[in-house]
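Each chain is listed here by its residues.
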Amino acid sequence: MKLSRYNFLRQYDDATIFFNATTCALAVVDENFLRVVDDVKNNSYVEKNYDAQLIADMKSSGCLIEDDVDELERLEFYRNLAKYDMTNFGLTIAPTLDCNFRCKYCYETHPKGKMSSETQEALIKFVESRLERAKKFSLTWYGGEPLLAKEIVYALSEKFLELCEKYSIDYDAFIITNASLLEDSDAELFKKYKINGAQITIDGVKELHDNRRRAITGESTFDRLIDRVNLLLNNGLSVVVRINIDKENIAHVDELLDVLVERIDKHEKLKIDFGQVSPFNDVCKSIEGDCYNNAQFADVMLPLYEKVLARGFTVNKMAAYPIPRVNFCCVDYANEFVIDNRGELYRCWNHVGNLKYSSGNVNDDDKLTLEKNYLSWIQWNPIRHPKCRECSCLPICMGGCPEAMRTSNDGQPVCGTVKYNFEKVIECFYERLKGAISD
Ligand code: SF4
Ligand code: SF4
Ligand code: SF4
């Protein structure tokens, strides 16, 4: 028996806390647990000398592993299993790249034009070819602003639902929208077409939000967005309010959360998520000075989530507590694609609309071209990279954002925020659990 390379033991004020990054198990441990750990380290582990339940718990938490287990190989196996799993099919579709907002930090260029009926037909065929082998189809509507092309969103949804019924596939859709074009009747259509949730960005109270997320018309959108959040929540749909954070708006988060508590009817059902504004390309380079890097963002985000929890909102689970991960994002999955209005296929959300990064087009016979824009992304493997291989956070980070690595000065993996704050997150969780137990 040996100890996992991903064990963390920390002495806090009044307790010893154990965390394992492969399972994300967290426990307050006692001297019996520590004795087993010491015995394994000193090669004096004799299993029958310990309480059987303790040893079973230490194994299931990932703390104790068999001598012949190579945790890096095991991680790679599960990573490959997920990466090449063709039973899960995922699409992000931008039916238009046009938008009726011009947000300060937007990295897109917003050319006019919607998905043509020919491209919609080709897309439906592409989807059908993938569904023949799939069990689950997850779809995200994206843009530009997808509701500028809502007739396409609903027409394609209708076809996708028919196909999912034909092949007995689980279907689930989500939309990322600025919500300004959301009409009352859309709530019913969302339910009909299984668009079960929406992410709506609100960056601050009225003046601040309207300044950062400017409507082309110059009109204020803040009050309408609050109203639209209520519309969706009151119709039983899931809503994430995303607050994109940089140095300009961080000091005003309390104010916004207070307004949301006051004006959202079911605020305890509302999920709050914080985004990190990043200058990914030349389009948004001008805001670079206002942005936090990952280490700085890791520092500021935890107090932000505490403010959210203190007011009774729900938080995105992954943001609040690390989760074991085998892949970082959609670029790591062979059967996930981002598609723009011309039918171009991309790996990364940040590339949508940029032909330089296209890896094929649904209108072409061979659709997917297995050249560098596809293979180099799919074949990126942090488990083989010396920096990540030695990293104790690998199972909860998995190499960080591949696009951040591609655009970094040194081409090295860019450590995710979890690298910088997971110990603090664990400490906060422990404090919260302790509080809940003593209440
Ligand atoms: S609403 Fe979205 S797509 Fe439109 S400008 Fe803002 S960030 Fe860009
Ligand atoms: S590579 Fe980075 S920017 Fe691109 S989709 Fe993944 S997380 Fe997003
Ligand atoms: S990117 Fe950084 S934190 Fe993430 S696994 Fe690699 S070395 Fe670790």
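Structure shown above.
The structure reproduced in this document is the subject of the present report. (Residues numbered from 1 in each chain as written. Chains lettered and ligands numbered in written order. Predicted model: local features only at pLDDT ≥ 70, side-chain atom pairs only at ≥ 80, totals over all residues. Heavy atoms only, no water.)

Here we look at the overall build of the chain
Applicable threshold: Strands here are runs of E lasting at least two residues and helices are runs of H or I lasting at least four, both read from the DSSP assignment and numbered beginning at the N terminus. Based on C-alpha atoms, the radius of gyration is set beside the globule rule, defined as 2.2 Å times the residue count to the power 0.38. A 1.4 Å probe rolled over the protein chains alone gives each residue an accessible area, and that area as a share of the maximum for its type sets the label: buried under 20%, exposed over 50%, partly exposed in between. Any two residues whose heavy atoms approach within 4.5 Å are treated as being in contact. A positive count includes Lys and Arg, and a negative count includes Asp and Glu. His and the chain ends are not counted in either. Throughout, a charge is located at the NZ atom of Lys, the CZ atom of Arg, the CG atom of Asp or the CD atom of Glu.
Of regular secondary structure, the chain possesses 16 helices and 16 strands. Relative to the compact-globule value of 22 Å for 439 residues, the chain shows a C-alpha radius of gyration of 23 Å, a close match. With the C-alpha coordinates aligned to their principal axes, the bounding extent of the chain is approximately 70 × 50 × 45 Å. The buried share of the chain, reckoned over its 439 residues, is 53%. The long-range fraction of contacts in the chain, counting pairs at least 24 apart against all pairs at least 6 apart in sequence, stands at 70%. Side chains of the chain give 55 positive and 69 negative charges; the mean places of these two sets differ by 2 Å.

Structural notes on the pairing of strand β2 (residues 7-11)
Taken residue by residue, a regular strand's side chains alternate between the two faces of the sheet. For clarity, the cut-off: Two strands make a pair as long as DSSP finds a minimum of two bridges between them.
By the bridge criterion, five bridges tie β2 to strand β3 (residues 16-20) in an arrangement that is antiparallel. Each residue of the ladder has a partner; that of Q11, found in β3, is T16.

Brief notes about the site of ligand 2
Heads up, the rule is: Whether a residue is near a molecule or strand depends on its heavy atoms: it is near if one of them lies within 4 Å of it. Three classes are used: nonpolar for Ala, Val, Leu, Ile, Met, Phe, Trp, Tyr, Cys and Pro, charged for Asp, Glu, Lys and Arg, and polar for all others, with Gly counted as polar.
Taken together, F328, C329, V331, C348, W349, N350, C401, P402 and E403 make up all the residues around ligand 2. Residue composition of the shell around ligand 2, grouped by class: seven nonpolar, one polar and one charged.

Some details on the site of ligand 3
Around ligand 3, the structure places K387, C388, C391, L394, C397, G399, G400, P413, V414, C415 and K419. Listing elements by their share of the shell around ligand 3, those giving two or more residues are α13 (386-389) and α14 (394-397).

So, the sheet that holds strand β6 (residues 88-93)
Stated precisely, the cut-off is as follows: An axis is simply a line fitted to the C-alpha atoms; with a helix, the fit covers only the stretch in contact. Between two such axes, the angle follows the N-to-C directions and lies from 0 to 180 degrees.
Taken together, nine strands build an open sheet; the order of strands is β14-β13-β12-β10-β9-β8-β6-β15-β16 and the sheet is mixed. On the outer flanks of this sheet lie β14 (314-315) and β16 (345-346), each paired with one strand and no other. Examined bridge by bridge, strand β8 (residues 136-141) and strand β9 (residues 170-177) share six bridges and lie parallel to one another. When the bridges of β9 are listed, F137 appears paired with Y171. In this fold helix α9 (residues 253-263) packs onto β12 (238-245) and β13 (271-276), with an angle of close to 160° to the strand it touches most, β12.

Digging into a nonpolar patch on the surface
As a reminder, the rule being used: Any residue with relative accessible area above 30% and no salt bridge may belong to a patch, with like charges joined within 9 Å and the nonpolar Val, Leu, Ile, Met, Phe, Trp and Tyr side chains within 5 Å. Accessible surface area values rest on a Shrake-Rupley calculation with a 1.4 Å probe, where residue burial reflects the displayed protein chains alone. When a carboxyl oxygen of Asp or Glu lies within 4 Å of a side-chain nitrogen of Lys or Arg, that pair is called a salt bridge.
There is a patch of nonpolar side chains on the surface, built from F77, Y78 and L81 and spanning about 330 Å² of accessible area. Position of Y78 among the secondary structure elements: in helix α3 (residues 71-83). By relative accessible area, which is 45% here, Y78 ends up partly exposed.

Looking at the sheet that holds strand β4 (residues 25-29)
With respect to topology, three strands assemble into an open sheet ordered β2-β3-β4, the strand pairing being antiparallel. Two strands bound the open sheet, and with one partner strand each, they are β2 and β4. On average, each strand axis in the sheet is inclined to that of its neighbour by 20°, with strand direction left out of account.

What about the packing of aromatic side chains?
Selection criterion: Any Phe, Tyr or Trp ring, taking Trp's six-membered ring, that has another such ring centre within 6.5 Å forms a pair; planes under 30 degrees apart are called stacked, those over 60 apart edge-to-face, and the others tilted.
For the structure shown, the criterion picks out 18 aromatic pairs. Ring geometry for F8 against F422: centres 4.6 Å apart, planes inclined by 75°, an arrangement best described as edge-to-face. Residue F8 is found in strand β2, and its partner F422 is found in helix α16 (residues 417-438); the two are separated by 414 residues along the sequence. The class of F422 is buried, set by a relative accessible area of 4%.

Focus on the packing of helix α4 (residues 117-131) against helix α5 (residues 150-166)
The following threshold applies: These descriptions rest on fixed angle ranges, namely under 35 degrees for roughly parallel, over 145 for roughly antiparallel, 65 to 115 for roughly perpendicular, and the rest for oblique. In this scheme the crossing of two helices becomes right-handed for a clockwise turn of the near helix relative to the far one and left-handed for an anticlockwise turn of less than a right angle.
Across the interface, α4 lies against α5 with an axial gap of 11 Å and an inter-helix angle of 25°. Comparing their axes, α5 and α4 come out roughly parallel. Helix-helix and strand crossings are classified by hand; for α4 and α5 the assignment is right-handed. Contacts from Q120, L123, I124, V127, E128 and L131 of α4 reach α5 at I152, A155, L156, K159, F160, L163, C164 and K166.

Quick look at helix α8 (residues 222-234)
What counts is decided by this rule: The span you would expect from a helix comes to 1.5 Å times its residue count less one.
For α8, spanning 13 residues, the distance from its first C-alpha to its last is 19 Å, which sits close to the expected 18 Å at 1.5 Å a residue. Here α8 has its buried residues at F222, L225, I226, R228, V229, N230, L231, L232 and L233. At its buried positions, α8 is contacted by α6 (184-192), β10 (195-201), α7 (206-212), β12 and α9.

So, the state of the cysteines
Condition: Any two cysteine sulfur atoms lying within 2.5 Å of each other are counted as a disulfide.
Under the defined criterion, the tally for this structure stands at zero disulfides. Unpaired in this structure, C164 has its nearest cysteine sulfur neighbour in C330, at a distance of 19 Å.

Describing the nonpolar core
The test is simple: Side-chain atoms within 4.5 Å link the members of a nonpolar core, which is a set of buried Ala, Val, Leu, Ile, Met, Phe, Trp, Tyr and Cys residues.
Ranked by internal contacts, the top residues of the largest apolar core, which has 77 residues, are L91, L123, F137, W141, F160, I272 and F274. Considering every element that reaches this core, the biggest residue donor is α5, with eight residues. Setting aside residues no more than four positions away along its own chain, L91 makes contact with L123, F126, V127, F137, S138, L139, T140, F337 and I339. In terms of nonpolar packing, the next biggest core, distinct from the first, is built from 26 residues, L72, L75, Y321 and V418 among them.

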